[in-house]
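So the chains spell out like this:
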Amino acid sequence: MDFTGIIGLIAGLGLIFYGITGLTDMGAMKSFIEYQSMAITIGGTIASTLIAFPISYFKKIPAQLKIAVQRNRYDPKKYIDMIVDFAQEARKKGLLSLEEKANGLNDSDSFLKNSILLIVDAIDPEKVKEMLDNELDSLDERHSQGWQFFEKASTFAPAFGMIGTLIGLINMLGNLNMDSTSGANALGQGMSVALITTFYGSLLANLILVPVGHKLHMRHNEERLCKEIVVEGVIAIQAGDNPKHIEQRLKAFLCERERGEETESGKKGKKEKKSKK
Amino acid sequence: MDFTGIIGLIAGLGLIFYGITGLTDMGAMKSFIEYQSMAITIGGTIASTLIAFPISYFKKIPAQLKIAVQRNRYDPKKYIDMIVDFAQEARKKGLLSLEEKANGLNDSDSFLKNSILLIVDAIDPEKVKEMLDNELDSLDERHSQGWQFFEKASTFAPAFGMIGTLIGLINMLGNLNMDSTSGANALGQGMSVALITTFYGSLLANLILVPVGHKLHMRHNEERLCKEIVVEGVIAIQAGDNPKHIEQRLKAFLCERERGEETESGKKGKKEKKSKK
Amino acid sequence: MDFTGIIGLIAGLGLIFYGITGLTDMGAMKSFIEYQSMAITIGGTIASTLIAFPISYFKKIPAQLKIAVQRNRYDPKKYIDMIVDFAQEARKKGLLSLEEKANGLNDSDSFLKNSILLIVDAIDPEKVKEMLDNELDSLDERHSQGWQFFEKASTFAPAFGMIGTLIGLINMLGNLNMDSTSGANALGQGMSVALITTFYGSLLANLILVPVGHKLHMRHNEERLCKEIVVEGVIAIQAGDNPKHIEQRLKAFLCERERGEETESGKKGKKEKKSKK
Amino acid sequence: MDFTGIIGLIAGLGLIFYGITGLTDMGAMKSFIEYQSMAITIGGTIASTLIAFPISYFKKIPAQLKIAVQRNRYDPKKYIDMIVDFAQEARKKGLLSLEEKANGLNDSDSFLKNSILLIVDAIDPEKVKEMLDNELDSLDERHSQGWQFFEKASTFAPAFGMIGTLIGLINMLGNLNMDSTSGANALGQGMSVALITTFYGSLLANLILVPVGHKLHMRHNEERLCKEIVVEGVIAIQAGDNPKHIEQRLKAFLCERERGEETESGKKGKKEKKSKK
Amino acid sequence: MDFTGIIGLIAGLGLIFYGITGLTDMGAMKSFIEYQSMAITIGGTIASTLIAFPISYFKKIPAQLKIAVQRNRYDPKKYIDMIVDFAQEARKKGLLSLEEKANGLNDSDSFLKNSILLIVDAIDPEKVKEMLDNELDSLDERHSQGWQFFEKASTFAPAFGMIGTLIGLINMLGNLNMDSTSGANALGQGMSVALITTFYGSLLANLILVPVGHKLHMRHNEERLCKEIVVEGVIAIQAGDNPKHIEQRLKAFLCERERGEETESGKKGKKEKKSKK
């Protein structure tokens, strides 16, 4: 589980709760729960996304929420190690020996597995490159559907929040009765209720839809980085490159600090390489 | 029919109805129907689009609404199957044999049909690629006209909503008479009426124009994906590629889950391929 | 003349008139005509564009308004026919014979004429391609100036509308006198006047500047499409391609319906081609 | 001097003055001059840009304002003539003869001078192309800093205008005293003062920052066009192209009207070329 | 230290202090410090970023703030000098002699050091180019994370400011009591408190988040420029280019004024080069 996201959500709701009640006036919460306002804001957002997106997008929402909440499964360093491992195996025993090793990978690494099997099948290097690049392109295409959905929904939510407020204001102002001072009080209460939909719309967009959409985008970037490393590495293995060179090239994908943590083994690798010469 | 869109529209209107009446105060609906406000909001939006777009765009609206409402006609898996079929036929009986088969395709697959006929005509592979890519480019060009129209209209609608509200406020405030408390009530009613155009503009944009424009974009993406598959496949057939390899390459366009459902046949295909070796 | 644009403008103004007067209260128009407000909104917009653009842009405005109002002069089908005509001529009598034919074109087709003369001059095909592409690039560059001008102006107009409203509000609120109820009425009238500049700014942007800028963009797209067809066609003529193939390739630029209308001749062309083989 | 910009600024300020005073009530100006509001709006905008940009950007502001105010120094036609001149010289007397001629150019044409000297130095054509393209890229890079600065500042100005208004409103509403009608008048005056910062922020952005930033962008486009012409021309001279062909190619960069004015000489050039054949 | 940023922040806060108190009414500050409002605005912004970004982004914030506050460490001229130095060394004593010199570089120049070591290792020029370009790409990728974080946070801050204001308004209007004039005063005070969160959100975004994010972007551009110079230079050294030519090419990356300051040495260099011929 990726606890930061859940902590963020709980913290956000907690802060709103604190903002409303000041931790003392619990009764104030009552005026912030309006089922009719929820229906307009949440329902209207869903209605518009139903028109805007094919039904297939909705089926993917649970899977996407899971991705947004899960811990990142893609660790570039792990993939670099695995590829260097495959490269050494290929050097020693030839490309064909990789098939067995690849079949031993578990399901979460199916992209690496399939990529290795492609070069084992002795397919033309250019076609391997093309096929893997196509896979990356369709990865972009598919994943972008996830965050585009949340981005679009995050524009509908405040819009329906405002539509709900307009409904409230039009109803209230049309029946305005200022003949006594109690009319002014009723006006205040009416506006208070009308503003709740704007509040819901803004909260829905800024605490849930925008951040979740953005997290999906982040997750995609992490996955894409690892798959780029796999593509680069597999093609280098097929070309018969030196495992040390492959490691160096793939490490260019990592940031300095991440590489820094690896310095020890990196330096050792460098020395070995030199002593071999 | 693509029922999600229609369900979305009905649900959206139903929620607005519920928001206005609370299901009890049916009389409230009356103050939300203002013909003059509709004329400004809807009419003004149409007027501005009439200036902004050539008349040819308006003629296409019915066709586009039909596309937005119809069920998706483009199933990438069906196209992959058809292309693999053609590839096997071409392997067995040669490219020329495809002409008859292609003529047997029904009208909804005219792009596939024409693409097959191009390679039957023995045109130079590079030119085939160029012509089909041109077709895809002009597909983008033409379809983008559809959603650009709705996108542009969706910016005019709230603008005219606000213009209408300004008209109402200027009229009302110019004639303000606060000499008695009934003046305050009239002020309220005036503002109520003035806000209705803002309500119409926001609803028109967020429940109809934005979602429909976005759905047209989605439909285009689905069609484009299928046509990309056809282009990739037809060129591979012309190059005389192995039908199994073609199938594998085209499946890279699909998402994992869609491929997953095909695992059974996929694995079988793989085995066959290996046993053939 | 392109009547849709003019109809749109008249319809828009008519709807505003209807919105103000409801067709009964003609006196209401009076409060919507404020010369001081017009000066701030329109004048301010012009002042800011004077700072933002070189003077040469202003000289082009009449020509651009003419383009926005004129009927589209660029019909891709006409250009395809002309190019196929040239291609047939070139096949029969050689490239040099095109010079005379090209000189017979009237001025509105000067791009086609110059393009044909380039290949008659027997210039190297690559250079012809480069020169014509340069022309298309500078077409984009020059035309984009037109709509960029209107787009930029359309952001200034509502800004100066708001600035005018702020001036009105600051003036009025600074001199507020609520000691009697007539003060409230004066407040209303002051706000009414203040809001008129916002109304002007919004109307100027949404009924004139944005739509005209967009129409210029549309007109550019139509012209560019025709010129792309000319470039593609002329290069194919120089390469000595079959007129039928040229026709087919150029038709990929058209949308299906437009091609559909041509089906009859298209099919005939196909038959002819086959019988010739 | 580029008077249109200065005229625009004076006209804009004049219109604001007219909007405030109606040319009769000069006393109204007094309430529009608030030093505290200026400090927040202008000072806040400067403060945020100080954080957002390195100090080096601020040193360039005077030079950039000068560019925005100056008349355009870059006339593409002049550069085309100069390059055709160099091309004819190179044809007659060889590339080396250009060195002296280039050294005779004055400082404002240093880009042309350096470009000519590069080809005189007999550097490899590909490297010349690469070096000049690098220069154009770093021109884009450097100049974009200019307008990016004004664009960013133009987003801070209205933000600090609103922050100032919020300060005013919070102060005023916190001390509200409606016990007598004079309280309402004080409320009005407080709001009047509070709105002045919004007015300043909007005016600063829309009359100065946005237009000046845009003018810098326009000036860059003019300079870039001329330098592209120089690059294209110098490379053609190095390749030993015919001066007439060079002229024709470079004129593709100009718009039709500008070329039209040149028709006479253009036609003559064409005839000469033909008679030479 | 980069004092302009710190001066900007202090100046901004000082101006806000001046705007609130006018330097005389220190008591006014009291109404601008509301811990509950701070909790909603700052806390809500943090909560949403916690959902939107993986935890790894938060760990980098201190390092990024340090970069934003530090003086620019990347001086392109210094790098050009160092590379010209390496180029001369390589010319005299061969590529291998660079290893010792490169090891003498201090840690802040590790990119230059590693690049030099790559060519000392006699790796294939194309691979060197590819590896260094990969490093630049991942530099873009990593650094963009920094400013994207601040950009995203700068959209959440005003949103939570508005959410806080909505909470305040809904609470206040729901309990409105206008039965006596003290009710109006309470209304004013309530609105005053409600607006403070909007004030906080706007200040947080426009004085801190937006400018800091932008400064990070600027710092990245400076670093990237230097690293591009290193890549260009190192590859030229490997190709054995003339140190003078390398210097000329690298100076194309600098702006005119920066080059101007170097004119003296530049001219000298030019003369030397010529006299050597």
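Residues numbered from 1 in each chain as written. Chains lettered and ligands numbered in written order. Predicted model: local features only at pLDDT ≥ 70, side-chain atom pairs only at ≥ 80, totals over all residues. Heavy atoms only, no water.

Draft legend 1. Representation of the overall build of chain A. Of the regular secondary structure elements, chain A holds 12 helices and 0 strands. Listed N to C, the secondary structure of chain A is α-α-α-α-α-α-α-α-α-α-α-α in terms of helices and strands. Against the compact-globule benchmark of 19 Å for 277 residues, chain A has a radius of gyration of 28 Å, which places it well outside the compact range. If you line up chain A on its principal axes, its C-alpha atoms span 100 × 40 × 25 Å. Burial analysis of chain A (277 residues in total) assigns 54% to the buried set. Residue pairs at least 24 apart in sequence account for 78% of intrachain contacts in chain A once pairs closer than 6 positions are excluded. Put simply, chain A has 34 plus and 34 minus side-chain charges, and the middle of one group is 6 Å from the middle of the other. (Helix = DSSP H or I, 4+ residues; strand = E, 2+ residues; numbered from the N terminus. Rg over C-alpha atoms; globule rule 2.2 N^0.38 Å. Buried < 20%, exposed > 50% of the residue type's maximum accessible area, 1.4 Å probe, protein only. Contact = heavy atoms within 4.5 Å. Lys, Arg positive; Asp, Glu negative; His and termini not counted. Charge placed at Lys NZ, Arg CZ, Asp CG, Glu CD.)

Draft legend 2. Structural view of the UniProt feature "transmembrane region" (unreviewed entry) in chain A. Residue and element names in this part refer to chain A. According to UniProt, the feature "transmembrane region" (unreviewed entry) maps to residues 7–29, 35–58, 155–174 and 186–210 in the numbering used here. Spanning residues 7–29, this segment combines 65% helix with 0% strand, and its end C-alpha atoms are found 22 Å apart. The annotated region residues 186–210 carries 100% helix and 0% strand content, and the separation between its end C-alpha atoms amounts to 35 Å. (UniProt positions renumbered as here; feature names shortened; annotations may be inferred.)

Draft legend 3. Local environment of the packing of helix α9 (residues 181–238) of chain A against helix α10 (residues 243–251) of chain A. All names here are of chain A. The interhelical angle for the contact between α9 and α10, taken along N-to-C directions, is 160°, at an axis separation of 10 Å. If you check the angle between α9 and α10, you find them roughly antiparallel. When the axes of α9 and α10 are compared, the crossing they make is right-handed. Facing Ile229, Glu232, Gly233, Ala236 and Ile237 of α9, the residues of α10 in contact are Ile246, Arg249 and Leu250. Across the contact of α9 with α10, the residue classes tally to 5 nonpolar, 1 polar and 2 charged. (Axes fitted to C-alpha atoms, helices over the stretch in contact; angles between N-to-C directions. Parallel < 35°, antiparallel > 145°, perpendicular 65-115°, else oblique. Left-handed = near helix turned anticlockwise from the far one by under 90°. Nonpolar A, V, L, I, M, F, W, Y, C, P; charged D, E, K, R; others polar.)

Draft legend 4. Molecular detail of the interface of chain A and chain B. With 43 residues of chain A at the interface, the matching set in chain B holds 55 residues. Buried area between chain A and chain B, summed over both chains or domains, comes out near 4300 Å², and the portion from carbon and sulfur atoms is 62%. When the buried surface of chain A facing chain B is broken down by residue, Gln36(A), Ile51(A) and Ile170(A) rank first, second and third, together holding 15% of it. Linking chain A to chain B there are 2 salt bridges. Measuring nitrogen to oxygen at the nearest pair gives 3.3 Å for the salt bridge that ties Asp241(B) to Lys127(A). (Buried area = accessible area lost by both parts, 1.4 Å probe. Salt bridge = Lys/Arg side-chain N within 4 Å of Asp/Glu carboxyl O.)

Draft legend 5. Spotlight on the relation of the copies chain A and chain B. Aligned on chain B, chain A shows an RMSD of 0.1 Å; the corresponding rotation is 72° and the shift along the axis is 0.0 Å. Taken together, the turn and the small shift mark the pair as related by a five-fold rotation axis. (Least-squares fit on C-alpha atoms with pLDDT ≥ 70 in both.)

Draft legend 6. Just the UniProt feature "domain: MotA/TolQ/ExbB proton channel" (unreviewed entry) in chain A, in detail. When the UniProt feature table is mapped onto this chain numbering, "domain: MotA/TolQ/ExbB proton channel" (unreviewed entry) sits at residues 108–223 of chain A. Counting secondary structure, residues 108–223 of chain A comes out at 90% helix and 0% strand; the distance between its end C-alpha atoms is 12 Å.

Draft legend 7. Structural view of unusual backbone geometry. Even without being a glycine, Leu23(C) presents a positive backbone phi close to 70°. Mapped onto the fold, Leu23(C) is located in the loop between α1 (3–21) and α2 (35–52).

Draft legend 8. Molecular detail of the nonpolar core. Of all hydrophobic cores here, the largest spans 208 residues; its most connected members are Phe199(A), Phe199(B), Phe199(C), Phe199(D) and Phe199(E). When near neighbours in sequence (up to four residues on either side) are disregarded, Phe199(B) contacts Ile163(A), Leu166(A), Ile167(A), Ile170(A), Ile16(B), Ile20(B) and Phe32(B). (Core = buried A, V, L, I, M, F, W, Y, C linked by side-chain atoms within 4.5 Å.)

Draft legend 9. Just the packing of aromatic side chains, in detail. Scanning the entire structure with this criterion turns up 35 aromatic pairs over all chains. Note on Tyr74(A) and Tyr79(A): the rings are 6.4 Å apart at their centroids and 15° apart in plane angle, and the pair reads as stacked. Judged by its relative accessible area of 11%, Tyr74(A) is buried. Taking 5.4 Å as the distance between ring centres and 70° as the angle between the ring planes, the aromatic pair formed by Phe32(E) and Phe199(E) counts as edge-to-face. Of this pair, Phe32(E) sits in the loop between α1 (3–21) and α2 (35–52) while Phe199(E) is found in helix α9 (residues 181–238), placing the two residues 167 residues apart along the sequence. Since its relative accessible area comes to 3%, Phe32(E) is described here as buried. Put simply, the rings of Phe53(A), Tyr57(A), Phe58(A), Phe149(A) and Phe150(A) pair up and form one aromatic cluster. Its guanidinium or amino end placed over the ring of Tyr57(B), Lys60(B) lies 5.4 Å from that ring's centre, counting from NZ or CZ. One residue, Lys78(B), lies across the ring of Tyr79(B), its end atom 5.1 Å from the ring centre. (Phe/Tyr/Trp six-rings, centres within 6.5 Å; stacked < 30°, edge-to-face > 60°. Lys NZ or Arg CZ within 6 Å of the ring centre and 35° of its normal.)

Draft legend 10. Up close: the side chain of Gln238(C). With respect to the helices and strands, Gln238(C) occurs in helix α9 (residues 181–238). A relative accessible area of 16% means that Gln238(C) is categorised as buried.

Draft legend 11. Broad picture of empty space enclosed by the protein. The final tally for this structure, using the stated rule, is 1 cavity of 30 Å³ or more. Taken as a whole, the largest cavity encloses approximately 30 Å³ of empty space. Lining of the largest cavity is provided by Ile123(A), Lys127(A), Met131(A), His245(B), Gln248(B) and Arg249(B). If you list the elements that add at least two residues to the lining of the largest cavity, you get α8 (125–174) of chain A together with α10 (243–251) of chain B. Tallying contributions element by element places α10(B) first for the lining of the largest cavity, with 3 residues. Broken down by class, the residue content of the lining of the largest cavity amounts to 2 nonpolar, 2 polar and 2 charged. (1 Å grid on protein atoms, 1.4 Å probe; cavity = no way out; pocket = protein on both sides within 12 Å on 5 of 7 lines; lining within 4 Å. Points joined across faces, edges and corners; volume = space filled by probe spheres on them.)

Draft legend 12. The environment of Gly188(B), seen in detail. The residue Gly188(B) is located in helix α9 (residues 181–238) in this model. Separated by 29 residues in sequence, Gly188(B) and His217(B) place their C-alpha atoms 42 Å apart. Aside from chain neighbours lying at most four places away, what touches Gly188(B) is Leu173(A), Gly174(A) and Leu176(A).

Draft legend 13. Representation of the pattern of salt bridges in the model. A complete count under the given rule lists 70 salt bridges over all chains for this structure. Beyond isolated ion pairs, a larger network of salt bridges with shared partners links Lys127(A), Glu130(A), Glu232(B), Asp241(B) and Arg249(B).

Draft legend 14. Representation of the confidence of the model for chain A. All names here are of chain A. The predicted model of chain A averages 84 in pLDDT, with 91% of residues at 70 or higher. Across chain A, the element-wise mean pLDDT spans from 40 in helix α12 (residues 263–276) up to 94 in helix α2 (residues 35–52). Here residues 260–277 scores under 50 on pLDDT; set against residues more than four positions off or in separate chains, the count is 12 contacts. The complex model carries a pTM of 0.88, and its ipTM stands at 0.84. (pLDDT = per-residue confidence, 0-100.)

Draft legend 15. Geometry of the interface of chain D and chain C. With 56 residues of chain D at the interface, the matching set in chain C holds 44 residues. As a salt-bridge pair, Arg249(D) and Glu130(C) come within 3.1 Å of each other at their nearest N and O atoms. At the junction of chain D and chain C, the tally comes to 12 residue pairs in polar contact (both at pLDDT 80 or more). Elements supplying a minimum of two residues to the side of chain D that touches chain C: α1 (3–21), α9 (181–238), α10 (243–251), α11 (256–261) and α12 (263–276) of chain D. Here the element with the most residues in the side of chain D that touches chain C is α9(D); it accounts for 25 residues. Tallied by class, the residues present in the side of chain D that touches chain C amount to 24 nonpolar, 19 polar and 13 charged. (Polar contact = N/O pair within 3.5 Å; in protein donor to acceptor, adjacent residues only side chain to side chain.)

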